[in-house]
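As a plain string of letters, each chain reads:
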Amino acid sequence: TNEVLVSPRANIVWLPGWKRDITFRFATGLYYQAPFYKEVRDTFSTAGVTRIRINDNLRAQRSAHAVLGLDYYFRAWGRPFKFTTELYAKYTDRMISYSVDNVRVRYSGKNDSRAYTLGADLKLYGELVPGVDSWVSLSLMRSRMHMLDDKDNLGWFPTPQEQRWAVTFFFQDYIPKFPQYRLHLKFIFSEGLPFGYPRSEKMRYLGRMSSYKRIDVGASRTFSAETDKFMQKESAKHVAAWSIYFEVFNVIDWKNVNSYYWVTAGDGIQWASPNYLTGRLFNLRFTVDIK
């Protein structure tokens, strides 16, 4: 389309010099996203046969962003903490509408919609035990889409990946006198995603899937010259440290719904059968820090 894409951006940081250690941040910009192949594919039907063609007139999606953030450093119980929060807003026009079917994303191949997203992220970091970071976060979001040719009077409806709230907690600890042995616990609890009938414009939004929840537990052992004599040998001089981790994801084996498989009965009524994400999963990994 011979478009010239210019994306001006600005980022401002203000340190007011108050007695409290606070930093304010503001960022804004205009962004263009050139389409990928899956997005330029347009579908049309002729005599009941669906065909694919490339939309040569597709324009880059355009969005305006604004982010306002705050970082607050303080001490409590004799240990350092950091509270950070961000408020963000995004408006997109010339958007290519899309739907999600299980893990497959289907694009319309046209600049046929617009959307906006508003949200807030709040996060508190801290050393609940000395020298080890833990954190808790809360995320809030509202994301809506609107079809330009709204023949079905859908109005503003949720985007397929709108998650209106999410809470995450991460905690680390270690064995007293043996800090190389660590344990961690992570908890995630969030709202389910929107869903609707597949390939249906009128029924894009029927409701929400069940909430997503997961608990992960893990243990790790770090080897370094400070705690292990063999790391002080000449053969290990280029290795600062290495660690081994064993983790259990979704330790309670909760069944989290990812999407629905739609079955059409003889009377034409569609029934939704849930597709579940992977349940309990065991993970073993190694990391190496090179000097």
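Residues numbered from 1 in each chain as written. Predicted model: local features only at pLDDT ≥ 70, side-chain atom pairs only at ≥ 80, totals over all residues. Heavy atoms only, no water.

## Here we look at the overall build of the chain
In step 1: Across its full length, the chain holds 1 helix and 18 strands.
In step 2: Dimensions of the chain along its principal axes, counting C-alpha atoms only, are 75 × 55 × 40 Å.
In step 3: Within the chain, the proportion of its 291 residues that are buried is 31%.
In step 4: Once local pairs closer than 6 in sequence are excluded, the contacts in the chain between residues at least 24 apart make up 57%.
In step 5: Approximately 18,600 Å² of the chain is accessible, and the part contributed by carbon and sulfur atoms is 58%.
In step 6: Averaging the coordinates of the 41 positive side-chain charges in the chain and doing the same for the 28 negative ones gives two points 2 Å apart. (Helix = DSSP H or I, 4+ residues; strand = E, 2+ residues; numbered from the N terminus. Buried < 20%, exposed > 50% of the residue type's maximum accessible area, 1.4 Å probe, protein only. Contact = heavy atoms within 4.5 Å. Areas by Shrake-Rupley, 256 points an atom, 1.4 Å probe, with all protein chains shown as cover. Lys, Arg positive; Asp, Glu negative; His and termini not counted. Charge placed at Lys NZ, Arg CZ, Asp CG, Glu CD.)

## Quick word on the packing of aromatic side chains
In step 1: Within the structure shown, the criterion is met by 15 aromatic pairs.
In step 2: Ring centres 5.8 Å apart and planes at 65° place the aromatic pair Trp-77 and Phe-81 in the edge-to-face group.
In step 3: One aromatic cluster in this structure is built from Tyr-72, Phe-74, Trp-77 and Phe-81.
In step 4: Here the guanidinium or amino end of Lys-123 rests over the ring plane of Trp-135, the centre of that ring lying 4.1 Å away.
In step 5: Just above the ring of Trp-254 sits the side chain of Lys-213; from NZ or CZ to the centre is 5.8 Å. (Phe/Tyr/Trp six-rings, centres within 6.5 Å; stacked < 30°, edge-to-face > 60°. Lys NZ or Arg CZ within 6 Å of the ring centre and 35° of its normal.)

## Considerations on the environment of Tyr-37
In step 1: Tracing the sequence through the fold places Tyr-37 in helix 1 (residues 37–40).
In step 2: By relative accessible area, Tyr-37 is classed as exposed at 53%.
In step 3: C-alpha of Tyr-37 to C-alpha of Ala-115: the two residues are 78 residues apart in sequence and 21 Å apart in space.

## Here's the deal with the confidence of the model for the chain
In step 1: When the pLDDT values of the chain are averaged, the result is 89; 97% of them are 70 or greater.
In step 2: Ranking the elements of the chain by mean pLDDT puts strand 3 (residues 41–46) last with 74 and strand 1 (residues 9–14) first with 97. (pLDDT = per-residue confidence, 0-100.)

## Looking at the environment of Glu-162
In step 1: Structurally, the position occupied by Glu-162 is in the loop between strand 9 (157–158) and strand 10 (165–175).
In step 2: Judged by relative accessible area, which is 0%, Glu-162 ranks as buried.
In step 3: When the C-alpha atoms of Glu-162 and Pro-194 are compared, they prove to be 6.9 Å apart, with 32 residues separating the residues in sequence.
In step 4: Looking at Glu-162, its side chain comes within polar contact range of the main-chain nitrogen of Ser-143, at 2.8 Å. (Polar contact = N/O pair within 3.5 Å; in protein donor to acceptor, adjacent residues only side chain to side chain.)

## Here's the deal with the pairing of strand 5 (residues 61–76)
In step 1: Sheet topology note: the strand 2 (residues 21–33)/strand 5 ladder contains 13 bridges and is antiparallel. Counterpart to Gln-33 in the pairing with strand 5 is Gln-61.
In step 2: The pairing of strand 5 with strand 6 (residues 79–101) spans 15 bridges and is classified as antiparallel. Bridging from a neighbouring strand, Asp-71 pairs with Thr-84 of strand 6.
In step 3: Here strand 5 folds back onto strand 6 in antiparallel fashion, the turn holding 2 residues, of which Trp-77 has a positive phi close to 55°. (Pairing = 2+ DSSP bridges.)

## Looking at the pattern of salt bridges
In step 1: Enumeration over the complete set of coordinates arrives at 13 salt bridges.
In step 2: Note that Asp-93 and Arg-62 form a salt bridge whose closest N and O atoms lie 2.7 Å from each other. Taken together, the residues Asp-93 in strand 6 and Arg-62 in strand 5 connect sequence positions 31 residues apart.
In step 3: Arg-214 is paired through a salt bridge with Asp-216; the nearest N and O atoms lie 2.7 Å apart.
In step 4: Residue Asp-216 is classed as buried on the basis of its relative accessible area, which comes to 4%.
In step 5: Each member of the salt-bridge network shares a partner with another, and the members are Arg-144, Glu-162, Arg-164, Glu-191 and Arg-208. (Salt bridge = Lys/Arg side-chain N within 4 Å of Asp/Glu carboxyl O.)

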